Amino acid sequence: MTGSRLRGRLEAFRAKHSIPALGAGVVGRDGLLDADVVGVRLRDGDDPVQPEDRWHLGSCGKSITAALYARLVERGDAAWGARLADLFPDLAGSLDAGWSLITIDDLFVSRGGLPANLARSAMQTAFADPRPIREQRTEVAAQALARPPRRPGRFVYSNLGYIVIGAAIERITDRSYEDALAAHVLEPLGITSGASAHRPRSGGTVGACCCSAPWASSASDAGDRPIPSASSRTTRR
């Protein structure tokens, strides 16, 4: 595929879906074969997007979360097939009986019986919630698991499921999801910064969405932030 053919496809896709910018690459066995970008950095702006710009990757939070859990399994700290009832002993009194046989594996593949998302009002409220992020995740998990699962085994793409997984990881590691992710996945890979595409610009926390499923961290700006070293990491950023 030549660069001109790739650009034409990108322009057509961009026009069809009315998005400000789009990039794509073609990768073969020997590496990058072709790459191109089209559009502008800001909708209705005229500053063209560049190949070296930082790009949002939709729903990558899910695969990253799965990698984190897999690392915990490798360490012997977690196990595949773990029942949610066992992962949330502190919520045992409030979990609906329907969750007794549902496992974390079911949530990873969106077959656990959770709906797709939190209510929109809950997501909007989270922007201004000053409570520690772990406390917020616990509340979301408690509310979700207090209701009976909806047709478990049936596939329903669930962002909410990954918030619950994030809360489970916090119980396994006794640290925030963000800190566990940095320690077990990002830092070993040499990744020194990270961000949620849906963090608010004025602080607070932001609810789960397709790319920040386990409930994003608080931040004071919309750009990338450094990942703290092990010596400086706290339970909240």
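Structure report, in brief. It should be emphasised that the depicted structure is a prediction, and the values quoted were computed from it without experimental measurement.

What follows covers the overall build of the protein chain. Along the protein chain, the regular secondary structure elements total eight helices and four strands. In the protein chain, the succession of α and β elements from N to C terminus is α-β-β-α-α-α-α-α-α-α-β-β. Burial analysis of the protein chain (237 residues in total) assigns 39% to the buried set. In the protein chain, 63% of the contacts between residues at least 6 apart in sequence involve partners at least 24 apart.

Checked against the element boundaries, Asp 86 lands in helix α3 (residues 84-87). Put simply, Asp 86 and Thr 103 are 17 residues apart on the chain and 9.2 Å apart in space, counted from C-alpha to C-alpha.

Moving on, we come to the nonpolar core. Among the nonpolar cores identified, the biggest contains 35 residues, and Leu 68, Leu 84, Phe 88, Ile 104, Val 164 and Ile 169 are the most heavily contacted of them. Going through the elements one at a time, α2 (60-75), α3, α4 (104-108), α6 (133-146), α7 (159-173) and α8 (177-186) are the ones with two or more residues in this core. Not counting the four nearest positions on each side in its chain, Val 164 is found in contact with Phe 88, Leu 107, Leu 114, Ala 141, Ala 144 and Leu 145.

Glancing now at the side chain of Thr 103. Here Thr 103 lies in the loop between α3 and α4. In this structure Thr 103 comes out as buried when scored by relative accessible area, which is 14%. Not counting residues within four places of it along the chain, the set of residues in contact with Thr 103 comprises Gly 81, Ala 82, Arg 83 and Leu 84.

It is worth spelling out the packing of α2 against α7 at this point. Relative orientation of the contacting elements α2 and α7 amounts to 30 degrees, with a least axis distance of 11 Å. As far as their axial angle goes, α7 and α2 are roughly parallel. Here α2 runs over α7; the crossing is left-handed. Only Asn 159, Tyr 162, Ile 165, Ile 169, Ile 172 and Thr 173 of α7 make contact with α2, whose side of the interface consists of Lys 62, Thr 65, Leu 68, Tyr 69 and Leu 72. Looking at the contact of α2 with α7 residue by residue, the class counts come to seven nonpolar, three polar and one charged.

Okay, the pairing of strand β1 (residues 21-28) next. Inspection of the sheet shows β1 paired to strand β2 (residues 31-39) by eight bridges, in the antiparallel sense. Bridged to Ala 24 within β2 is Asp 36. Here β1 hands over to β2 after two residues, the two strands then running antiparallel side by side.

The rules behind these values
Residues numbered from 1 in each chain as written. Predicted model: local features only at pLDDT ≥ 70, side-chain atom pairs only at ≥ 80, totals over all residues. Heavy atoms only, no water. Helix = DSSP H or I, 4+ residues; strand = E, 2+ residues; numbered from the N terminus. Buried < 20%, exposed > 50% of the residue type's maximum accessible area, 1.4 Å probe, protein only. Contact = heavy atoms within 4.5 Å. Core = buried A, V, L, I, M, F, W, Y, C linked by side-chain atoms within 4.5 Å. Axes fitted to C-alpha atoms, helices over the stretch in contact; angles between N-to-C directions. Parallel < 35°, antiparallel > 145°, perpendicular 65-115°, else oblique. Left-handed = near helix turned anticlockwise from the far one by under 90°. Nonpolar A, V, L, I, M, F, W, Y, C, P; charged D, E, K, R; others polar. Pairing = 2+ DSSP bridges.

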